[in-house]
Amino acid sequence: MLTTGTWEKLVATPRPLTDELTTIKGKPFGFLRKAVKKWEHEMANAPLVFAAVVQANSALFDPKESTWAPAVLLYTTDPARSRDGEWLRQVADRCAALRERRTGDRREDGLGFLLNEEESNFDIEVPPTLTGGVTAKICTTFVDPDNLPNRAIPPHRILAGLAWEKELVLLPKSYY
């Protein structure tokens, strides 16, 4: 599990805006003033979270075959759970199980349908019945293996990122 790494310096918010943050997500061009302001706000204030891999293209698990590919990630900004890798994996496993079974709960079954659809692209809240009432999000994103530790999703299936208002920005491999 993620126990230490250079990501720890991103825990405190607001964080100072440094050139190093552009390695996480590039700063927009200066003439796009509104976009620059949003980038500055998000980089300074977005909480550092762990994200559990619910499912991913098999290429992302093999450093020799790894290629830019989709993955489904689960995370929360709840301070009590946002960096609780074990809890995140448990919820991710409950979500992944919905691919194989139906529960009769409309939201759970809908999530199972989305997970089974190879071309689905979503960013939704996880049904609270799977999280014990903790607000969590599950989203589809494309992952660049060059940003993964050892060019692959680690065996513990936990990645680190910044939870921007409307997206999860994964940290590059230099933070692991």
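Residues numbered from 1 in each chain as written. Predicted model: local features only at pLDDT ≥ 70, side-chain atom pairs only at ≥ 80, totals over all residues. Heavy atoms only, no water.

Novice: Mind showing me how you'd approach the environment of Leu-114 here?
Specialist: Relative to the helices and strands, Leu-114 is located in helix H3 (residues 106-116). You can call Leu-114 partly exposed: its relative accessible area is 22%. In this structure the C-alpha to C-alpha distance between Leu-114 and Trp-164, which are 50 residues apart in sequence, comes to 23 Å. Those residues in contact with Leu-114 that sit more than four places away from it in its chain are Ser-120, Phe-122 and Ile-124. (Helix = DSSP H or I, 4+ residues; strand = E, 2+ residues; numbered from the N terminus. Buried < 20%, exposed > 50% of the residue type's maximum accessible area, 1.4 Å probe, protein only. Contact = heavy atoms within 4.5 Å.)

Novice: Mind showing me how you'd approach the sheet that holds strand S2 (residues 69-75) here?
Specialist: Strands in a sheet are paired, the pairing made by backbone hydrogen bonds, and the direction either parallel or antiparallel. Strand order in this open sheet of six strands is S3-S4-S2-S1-S5-S6, and the pairing throughout is antiparallel. Strand pairing shows two members of the sheet lacking a second neighbour, strand S3 (123-125) and strand S6 (168-170), which therefore form its edges. Averaged over all pairs of adjacent strands, the angle between strand axes in this sheet comes to 40 degrees, irrespective of strand direction. Relative to S6, strand S5 (residues 158-163) runs antiparallel, the two being bridged by three bridges. (Pairing = 2+ DSSP bridges. Axes fitted to C-alpha atoms, helices over the stretch in contact; angles between N-to-C directions.)

Novice: Would you explain unusual backbone geometry in this entry?
Specialist: Excluding glycine, residues mostly have negative phi values, and the peptide bonds linking residues are mostly trans. With an omega dihedral of -5 degrees, the bond running from Thr-13 to Pro-14 counts as a cis peptide bond. For Pro-14, the position within the fold is in the segment before helix H1 (33-45). A positive phi angle, close to 60 degrees, is found at Asn-150, a residue other than glycine. Tracing the sequence through the fold places Asn-150 in the loop between strand S4 (137-143) and S5. Note on Asn-150: relative accessible area 69%, which makes it exposed. Phi at Arg-157 is positive, roughly 60 degrees, even though this residue is not glycine.

Novice: What am I meant to see in helix H2 (residues 85-97) here?
Specialist: Along an α-helix, residues three or four positions apart point the same way, because every turn accommodates 3.6 residues. Taking 1.5 Å as the rise per residue, H2 with 13 residues should run 18 Å; its terminal C-alpha atoms sit 18 Å apart, in good agreement. All of the buried residues along H2 are Gly-85, Trp-87, Leu-88, Val-91, Ala-92, Cys-95 and Ala-96. Taken together, the buried residues of H2 touch strand S1 (48-56), S2, H3, helix H4 (128-131), S4 and S5. (Expected span 1.5 Å × (residues − 1).)

Novice: Any chance you could explain the pattern of salt bridges here in plain terms?
Specialist: When charged atoms on two side chains of opposite charge get close, those side chains can pair. Overall, the coordinates contain nine salt bridges when judged by the stated rule. Measuring nitrogen to oxygen at the nearest pair gives 3.6 Å for the salt bridge that ties Glu-40 to Lys-27. With Glu-40 in helix H1 and Lys-27 in the segment before H1, the pair connects residues that are 13 residues apart, well separated along the chain. The closest approach of N and O atoms between Arg-157 and Asp-93, which form a salt bridge, is 2.7 Å. On the criterion of sequence distance, the pair formed by Arg-157 in the loop between S4 and S5 and Asp-93 in helix H2 is long-range, its members being 64 residues apart. (Salt bridge = Lys/Arg side-chain N within 4 Å of Asp/Glu carboxyl O.)

Novice: Before we go on, may I ask you to explain the packing of aromatic side chains in this structure?
Specialist: Geometrically, a pair of aromatic rings is defined through the distance of the ring centres and the angle of the planes. According to the stated counting rule, one finds one aromatic pair in the structure shown. Ring centres of Trp-7 and Phe-50 lie 5.2 Å apart, and the angle between their planes is 85 degrees; this geometry places the pair in the edge-to-face category. In this pair, Trp-7 is assigned in the segment before H1 and Phe-50 in strand S1, connecting sequence segments 43 residues apart. Each member of the pair, Trp-7 as well as Phe-50, is classed as buried. One Lys or Arg, Lys-25, reaches over the ring of Trp-164 and ends 4.5 Å from the middle of that ring. (Phe/Tyr/Trp six-rings, centres within 6.5 Å; stacked < 30°, edge-to-face > 60°. Lys NZ or Arg CZ within 6 Å of the ring centre and 35° of its normal.)

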